[in-house]
Amino acid sequence: MTAAPPPAAPEHSSSTVDTTLRRQSRVTLTRGRLLVGAAALLVTISLVRILTGADDITSGGTVSAALALAVPIGMAGMGALWSERAGVVNIGLEGMLILGTWAAGWAGYQYGPWTGVLAAVAFGALGGLLHAVATVSFGVDHVVSGVAIILLGTGTAQYLSSVAFEGVPGGGDTQSPPVPDLPSFSVPGVAGPLSDLQDTGWFLLADLAGILRGLLTGVSALTLIAVALVVLTWFLLWRTAFGLRLRACGERPEAAESLGVNVYTMKYAAVVVSGAFAGLGGAFLAVVASSAYREGQTGGRGFIGIAAMIFGNWRPGGTAAGAALFGYADALQLRRGGESVHALLLLVGLVVVALGVWLVVRGSRRSGIAGLLAAVAVLVWFGLTDVVPGELTGLTPYVATLLVLGVAAQRLRPPAADGIPYRRGTST
Amino acid sequence: MLPRAGARSTQETDIATDPRSAAPSPDAVAVELTGVTKRFPGVVANRDVSLCVRTGTVHALVGENGAGKSTLMKILYGMQRPDEGTIRVAGREVRLSGPADAISAGIGMVHQHFMLADNLTVLENVVLGSEPRRGGLALDFAAARRKISEISTAYGLGVEPDRLVADLGVGERQRVEILKVLYRGARILILDEPTAVLVPHEVDELFDNLRELKAEGLTVLFISHKLDEVLSVADDVTVIRRGTTVATVDPRTTTARQLAELMVGSELPSPETRESTVTDEEVLRVEGLTVRDAAGRAVVDDASFVIRRGEVLGLAGVEGNGQAELVEALMGMRRADAGRTTLADEDVSDWSTRRRREGGLRYVPEDRHRHGLLLDAPLWENRILGHQTESSVSRGPWIDRASARADSTRIVEQYDVRTPGIDTLASALSGGNQQKFIVGRELSGDLSVLVASHPTRGVDVGAQAAIWDHIRAARRAGLAVLLVSADLDELIGLSDRICVVLRGRIVAEVDPSAVTPEQLGSAMTGAQDDARGGAA
Amino acid sequence: GSDDAGSGTDTAGSEEASDIKVGLAYDIGGRGDQSFNDSAAAGLDRAKEELGIEATEAEAGQGESDAAKEERLRVLADSGHDPIIGVGFAYSAALAKVAPEFPDVTFAIVDDANATGDNISNLVFAEEQGSFLVGAAAALKSKTDNVGFIGGVQVPLIEKFEVGFTEGAKQVKPDIEVQSVYLTQPPDFSGFGDPAKGRTAAQGMFDAGADVVYHAAGGSGSGLFEAAKAAGGLAIGVDSDQFETAAPDVQDVILTSMLKKVDVAVFDFLSSVSEGNVEAGPRVYDLEQGGVDYSTSGGMVDDIKGQLDELKQQVIDGEIEVTDPTA
Amino acid sequence: MRRWDVRDVALGLAAPLLAVAFSLVIASLVLIGAGDPVLSTYSLLLDYGQRPRSLALVLNAATTYYLSALAVAIGFRMNLFNIGVDGQYRLAAMTAAWVGGAVTLPTGLHQLVIVLVAVLVGGMWAGIAGLLKATRGVSEVISTIMLNAIATGLVAFFLRKVAVPVAGSNNIGTAPIAESGRVGGLPLVPDSALEVFGFLPVAVLAGIAYWLVLGRTRFGFELRATGRSESAAVASGVDVRRMVVTTMLLSGAVAGLVGMPQLLGASYSYSLDFPAGLGFTGIAIALLGRNSPIGIAFGALLWAYLDVSSVILDIEGISREIVTIMQGSIVLSVVIAYELVRRYRLRAEQSRVGRELAQAPRAEVAA
Ligand SMILES: Nc1ncnc2c1ncn2[C@@H]1O[C@H](COP(=O)(O)OP(=O)(O)OP(=O)(O)O)[C@@H](O)[C@H]1O
Ligand SMILES: Nc1ncnc2c1ncn2[C@@H]1O[C@H](COP(=O)(O)OP(=O)(O)OP(=O)(O)O)[C@@H](O)[C@H]1O
Ligand SMILES: [Mg+2]
Ligand SMILES: [Mg+2]
């Protein structure tokens, strides 16, 4: 940080703390390890389900709800990914998400849902453009600009809806008239058999059936698009010249500049796309997850999206996984909260026991024992209660995120020039 | 040394077939700059510069820090736009509005500070901006890998495309930088202080590469502060003083001393003045110091040494052989995995950086921007940095602003720091002046040991001499110094003893009065060890 | 419903305007929230039309402090408004503080009986009674003997709905399973405006065997209607007759709505003001008063109307006592 | 050595003035778009804002905002982004209200106990994020977002446990704090029936302490040094991990104070309608005031003024969102203006260095 701006630039770039911590344990995540891990997790979940009878934790309904809840978060996360990969921290996603919901409601009720989606994307992109102007052209601290954009987005959407929806049938000061839904798809012929299989409650098979049913039936067109966009993001950023240039701007903009890459253009592109993603997330909220714009509808999902991206180590797959985790935890608690979250305690207890043992074996005695103690506490809680109180089930996604980060944060590696304002020609 | 046929094969794989790559005629002019002027706020970095570089030659550019060399090269590379003047490449006038224009004009530049993204692979760093594509969109990794390997073998660069740059050493990074330029089919190469971080052995390799390039008809523009190097490799040498070209000389008929005089208008200072001040009072003793990296490999391996009052112990070694880690462990910035450090009879192995500093240990860091300064803070606040608990700048929990300011003024005067005042931001000073301030700061108060890491790196001859003088004076006053440097003349000139590190171990101790830089250089690379870089 | 096009502060331009100037202070959301604020607005609009009064409306901001609410009331009082109505229990403390400062002004507060004074009328509702009836309706219609309740935010007011609903359902079928979920916890009031959450919760209930679900979740309720549509279940609306305001494609899943007639209360209050016979103290709008009720539009409860009305009478007669958790 | 002082002051004022002007332009455009009268809106704002009671309200709101912004600014000074002030103050206020309502102590001690509890709880809650960052490398940005949500749940959970039922009320809250634990108002604004929070002097003291600790002490120096360059701080003997934890603790402790003016001066209990979202406001104001104690004070007053006037706008039928839009555009334009001024200054500084060095006789190396 050679040119830190006066209002201290808070950023999650690699600090000494992070780097030293990161050095301590570097276990590479190969695809094989990932698969083995996922399989082990599934087996444990299935066991937990059978032990606790909390069938909802792998039911098709839960998975499908998790998917729907994950999409807006994932889109915000994807927005954060685009922006931060180009070196611009985008706290303003929440504001762009809000703009997206408003635009989707506004255009959606008048011209149909698809137009609503497009309008949302455009509005989000507009928010992104504003952020780009401030951060890229004017070199304003990224967080500052983001905070301002949240304020502006909130105010603008509220203002516009009082102008546009008041007095319109079905609409009002704080909400738009209903927006027609988008089509949804199912793989034909699987719903019945999978549902039957899930109802058997068989170990592992029922769980797999539930998960598949959730993923294969009643999936909104916008969900499909969102998933496709995750893959497309990966392809664009990691497999194309454009992506390489964009990422180079987040790692070492001077290097990119010195090879003839127009860093400003790339950053602009990234931040505008970032806003567009947030807009799309907003469209999903307004059109698919509900059927109208409502004030306050985003509920902080922009921030959660950023968390999902950090959780996902600034990678599309990871970000999607983070969003999925969040969506899953949220779905669980909203559905059969008390019971499912209670079952989750057992799951967490078991996983943490395994982790603690692994840590002890690897020689990190202290962390290991701390982990084991925590696991015991969780298991005792599990044993002594039947349900988790309603006030606390809502915390599941947040606690889960915090836990996972506490375990895994040291492996995270943000882009090297993330959050650092860049000015052309300042390189030495 | 390198197979000529291999070199030729590069041209066949050039992305852009360059019409100018036809056989060079020896007297053709590759680059001609006339009347170039570049002003920065308050500074005229280049004033009416004229420079003529013949095709197929190595042309060196020398001058003091801040003389305007880098700026001139950045202008030629399109990174800075000149306020006045014209640029001709191969006889044709060009307007360079960005590096992209320079690249397409066949110019490539290796920057003074490496322009590499650590977290990208070599391949990604190399192809960035001129990516081969497949189907219009997708990056063609296979083609890129093939081409990089070809160039790498052709010029003996030994670069592996899929390694992460973060894992490469300095020498390797330099070769990646050169490969980047070659990959773009550049016919004119600009190398800004390429040898600053290299040891003689690597410098030789680099020069071999340069000669190879020259033989291929490429033109090399080359900046260095090391005048003997310049004389050995260049065909022409241009001297820049205060933004203007003052002369272009023939290296065969010029001595280093004459060059230096042209640069600064004075004699070349020399580090060597030896009258021993070594006492037998031990100040710092290090025993069995071991530092391991994340993978458990010992980067500092069982290092032991002793420094006495009034003694300068030089630490010689190829960069990346554990010096940085050793220094950081010594300063308490990094945990040692084994070993004992004794400072003035006290075991300080478990002490924090703070306590060690309070105990009289001082530090001139290798990277002044990262470790030595708060760039956004005024000089007087920088005076406090690292000395927070010293009575001269603080009283109990309070900062004593008045004394800190007074002492900063003293340093500015005593160490000839050229600044308008102590309220000037550190970032507004030139590197040499920043370094003088740091040296002044670290040499104030009660100190017994100075750890100086590359104290004159990138500093011009004037400032260099001043810093040497100060270190010498402190040594006379009884200071023990650990001097880590890549500049072998500096090591030999200043040290009373020199330890050589190789792969984290101290492998030899030599007497500076009886060693030449060449001998030292080969000791540093492990004498018979020639695996590095695959040079014969 | 907000099929009216009343804009913020316009006074109804009736010629024979009475000299009453009402100040109406909404809670967060304000006019157009399609919930109880809107209902209050409807009452106001009717009063403007029928009584020819003038009105000024104002709305609370997100997360504001009591001081802001006090100020809102004071400014209204200062500028000659009388009476002044605070919509929502959030005005309780503010009203209790400001009313004594303006002894000549008449105040009213909706949903709160805690702020009392000589010049304060408390317009409160027996939500539990209305919810009792729709709970009974749910139980009567349920084939799976499993019904659900979705609360927007877990505050005592909403818990009244839950308790009444549960008791109503158990009254009809003592063994019926009643699921219940709150979307958010205060001070996170997004549970009243997050249809995505409402939908997820409702889906969970339908998946778990419920076939009728009741909501007291404001704007999140639209999520319930969609979930019911998708799951082939039934939904019960709240506050206003949601059959009338819901999107046409989900109308057929709305079994009934628990009517909480804030509009009636507001209008009653205003007309008593214009007649000059306001009474301070609580006025409870219960089944007997017709302040709460169930709706019949859509005709889906026609077959059980008899049973429901019987229960209604029993409640009115005091034969059945529905628990009020806030009492 | 310090020259250009007049110019410095002028430049320092230029940025915020420009920004306010700019945001007025934006707001005017929005007003025109909405068909609202522009000039009368502003005169309304001015008239209303000058009424004594409005002034008192502004001072009260600013007191709270000021504390919140200070809490955020402490983190900012060392590059820590404490988004969690919101959760910290709510948890702290709830706990303090509960303790304060449960005990009866002599005046003075009672208040002290309540404030101490708030400070401790706020500090501890923030400390979790600090510890997670120092020991596990978890970015405080996410951990504090998560902790905010968790605090919400915990407050709801515990409030239900400790709330005292009030007949006829749909609100729930902790038992009211006895007279002995309250802080009376100050009749600071003449002609206003409304008193100013007795906590206002505490906020002023907090500002002075902030200035003293950060600007004048070793600890403050190390904190700022860490913020400016973590690597340089490490090399100069600062234990960065400890610094992270300490700073978060400190920031959280100040956050604990945020709810106190309201709790001890107005509501005397923590209930469902306790003001929320003050942490976010604090972020914006800290940015606006550029982390300087005086700047933050101005920022807090401006913000409070706009918030308070939104009441009158709403009543006069002018979209209250105009205020949020103004606040957002002020933040954005202030920082842009500051950035432009900063660049200008840097250039001026460098050219001064250049000029003076060019004039100075060049001290040559011994010829
Ligand atoms: N971007 C810039 N903005 C302002 N001034 C600059 C800039 N770049 C360089 N300068 C000024 O131009 C002068 C020439 O700088 P330049 O980097 O060209 O020197 P140099 O000869 O390369 O020095 P060195 O040997 O230290 O690399 C410097 O003294 C500096 O004051
Ligand atoms: N990008 C820049 N913007 C503004 N000023 C610059 C810039 N680059 C260099 N300078 C100015 O140039 C001077 C130092 O430049 P120069 O590059 O010569 O330093 P240096 O001696 O090479 O230091 P180092 O070896 O650390 O690069 C300073 O006065 C600095 O203000
Ligand atoms: Mg240079
Ligand atoms: Mg330099």
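Conventions used here
Residues numbered from 1 in each chain as written. Chains lettered and ligands numbered in written order. Predicted model: local features only at pLDDT ≥ 70, side-chain atom pairs only at ≥ 80, totals over all residues. Heavy atoms only, no water. Helix = DSSP H or I, 4+ residues; strand = E, 2+ residues; numbered from the N terminus. Buried < 20%, exposed > 50% of the residue type's maximum accessible area, 1.4 Å probe, protein only. Contact = heavy atoms within 4.5 Å. Areas by Shrake-Rupley, 256 points an atom, 1.4 Å probe, with all protein chains shown as cover. Axes fitted to C-alpha atoms, helices over the stretch in contact; angles between N-to-C directions. Parallel < 35°, antiparallel > 145°, perpendicular 65-115°, else oblique. Nonpolar A, V, L, I, M, F, W, Y, C, P; charged D, E, K, R; others polar. Pairing = 2+ DSSP bridges. Buried area = accessible area lost by both parts, 1.4 Å probe. Salt bridge = Lys/Arg side-chain N within 4 Å of Asp/Glu carboxyl O. Polar contact = N/O pair within 3.5 Å; in protein donor to acceptor, adjacent residues only side chain to side chain. Phe/Tyr/Trp six-rings, centres within 6.5 Å; stacked < 30°, edge-to-face > 60°. Core = buried A, V, L, I, M, F, W, Y, C linked by side-chain atoms within 4.5 Å. Left-handed = near helix turned anticlockwise from the far one by under 90°. Expected span 1.5 Å × (residues − 1).

Right, let's talk about the overall build of chain D for a bit. On a plain count of helices and strands, chain D comes out with 14 helices and zero strands. Along the first, second and third principal axes, the C-alpha atoms of chain D reach 95 × 55 × 35 Å. The burial tally for chain D puts 61% of its 367 residues in the buried class. Within chain D, contacts between residues separated by at least 24 positions form 76% of all contacts whose residues are at least 6 apart in sequence. Surface accessibility of chain D: about 13400 Å² in total, with carbon and sulfur atoms responsible for 69%.

Residue and element names in this part refer to chain A. Contact geometry of helix α9 (residues 221-239) with helix α10 (residues 241-251) gives a least axis separation of 5 Å together with a crossing angle of 75 degrees. Taken together, the axis directions place α9 and α10 in an arrangement best described as roughly perpendicular. Between α9 and α10, the residues in contact are L236, L237, W238 and R239 and A241, G243, L244, L246 and R247, respectively. Its residues placed into classes, the contact of α9 with α10 shows six nonpolar, one polar and two charged.

In this section: the sheet that holds strand β18 (residues 361-364) of chain B. All names here are of chain B. With respect to topology, six strands assemble into an open sheet ordered β18-β21-β22-β15-β23-β24, the strand pairing being mixed. With one partner strand each, in any of the chains shown, β18 and β24 (505-510) form the two edges of the open sheet. Averaged over all neighbouring strand pairs, the angle between strand axes comes to 20 degrees, with direction disregarded. Relative to strand β23 (residues 497-502), strand β15 (residues 312-316) runs parallel, the two sharing four bridges. Paired with A316 across the bridge in β23 is V500. Contacting β18 and β21 (449-453), helix α15 (residues 431-442) crosses the sheet at an angle of about 175 degrees to β18. Strand contacts of helix α18 (residues 517-524): β15, β23 and β24, with the helix running at about 35 degrees to β23, the strand carrying the most contacts.

Opposite the 28 residues of chain D that make contact, chain C presents 37 residues. Three residues stand out in chain D for area buried against chain C, namely N170(D), L272(D) and I315(D), and they jointly supply 25% of the buried area on that side. One can count four salt bridges joining chain D with chain C. As a salt-bridge pair, E159(C) and R160(D) come within 2.8 Å of each other at their nearest N and O atoms. Between chain D and chain C we count eight residue pairs in polar contact (both at pLDDT 80 or more) in total. Listed by contribution, the elements that provide at least two residues to the side of chain D that touches chain C are α3 (52-76), α6 (140-162) and α13 (293-315) of chain D. Take the side of chain D that touches chain C: its biggest share by element is four residues, from α13(D). Among the residues forming the side of chain D that touches chain C, the class breakdown is 13 nonpolar, seven polar and eight charged.

For the rest of this paragraph, the subject is the packing of aromatic side chains. Residues and elements named next belong to chain C. Throughout the structure, instances matching the rule amount to 19 aromatic pairs over all chains. For the ring pair F149 and Y182, a centre distance of 6.0 Å and an interplane angle of 70 degrees mean the geometry is edge-to-face. Taken together, the positions of F149 in strand β6 (residues 146-153) and Y182 in strand β7 (residues 177-184) put the pair 33 residues apart, joining distant regions of the chain. For the pair formed by F149 and Y182, the shared burial category is buried.

Trans is the prevailing form of peptide bonds, just as negative phi is the prevailing case for residues other than glycine. P83(C) follows D82(C) through a cis peptide bond whose omega is 5 degrees. Relative to the helices and strands, P83(C) is located in the loop between α2 (66-78) and β3 (84-87). Unusually for a residue other than glycine, D48(B) sits at a positive phi of about 50 degrees. Following the sequence through the fold, D48(B) ends up in strand β2 (residues 43-54). In this model, A90(B) sits at a positive phi of 50 degrees, which is unusual for a non-glycine residue. Its place among the elements puts A90(B) in the loop between β4 (84-89) and β5 (92-94).

This next bit is on the nonpolar core. If you look at the biggest cluster of nonpolar residues, it comprises 403 residues, and the most contacted ones within it are I85(C) and M260(D). One finds V312(B), L374(B), A225(D) and A232(D) within the second-largest nonpolar core, a separate group that totals 49 residues.

Moving on: the pattern of salt bridges. Close approach of charged atoms allows side chains with opposite charge to pair. Tallied over the entire structure, the rule returns 75 salt bridges over all chains. As a salt-bridge pair, R441(B) and E442(B) come within 2.9 Å of each other at their nearest N and O atoms. Each member of the pair, R441(B) as well as E442(B), carries the same accessibility label: buried. Between E140(D) and K133(D) there is a salt bridge, with its nearest N and O atoms 2.9 Å apart. Taking the relative accessible area as the measure of exposure, K133(D) reaches 10% and is therefore buried. Each of E282(B), R285(B), E287(B), R340(B) and D347(B) takes part in salt bridges that share partners, so that together they form one network.

Residues and elements named next belong to chain A. As a packed pair, helix α4 (residues 93-111) and helix α13 (residues 301-311) sit with axes 7 Å apart at the nearest point and diverge in direction by 130 degrees. In terms of axis orientation, α4 runs oblique to α13. When you trace α4 past α13, the crossing you get is right-handed. Each of L93, E94 and L97 in α4 lies in contact with α13, whose residues at this interface are R301, G302, F303 and I306. Along the lines of polarity and charge, the residues of the contact of α4 with α13 split into four nonpolar, one polar and two charged.

Further remarks concern the environment of A404(B). Residues and elements named next belong to chain B. Tracing the backbone shows A404 in helix α14 (residues 401-414). A C-alpha to C-alpha distance of 50 Å links A404 and V159, two positions 245 residues apart in sequence. Look past the residues within four positions of A404 in its chain and what remains in contact with it is W380, R383, I384, S392 and V393.

Turn by turn, an α-helix covers 3.6 residues, leaving residues three or four places apart pointing in a common direction. Across its 23 residues, helix α6 (residues 142-164) of chain A extends 31 Å between first and last C-alpha, which sits within 8% of the 33 Å expected from 1.5 Å per residue. Between a side-chain oxygen at the N-terminus of α6(A) and the backbone nitrogen of V143(A) the separation is 3.1 Å; the capping residue is D141(A).

This part takes up the pairing of strand β10 (residues 254-260) of chain C. Residue and element names in this part refer to chain C. In terms of burial, β10 is a largely internal element, seven of the seven residues being buried. Note that β10 and strand β12 (residues 292-294) share three bridges and pair antiparallel. The residue bridging L259 from the neighbouring strand is D293, located in β12.

Residues and elements named next belong to chain C. Position of K261 among the secondary structure elements: in the loop between β10 and α9 (262-275). Overall, the relative accessible area of 23% leaves K261 in the partly exposed class. Linking K261 and S142, residues 119 residues apart in sequence, is a C-alpha distance of 26 Å. Those residues in contact with K261, other than ones at most four positions away along the chain, are F125, G290, G291 and D293.

Keep in mind these numbers describe shape, not what the thing actually does.
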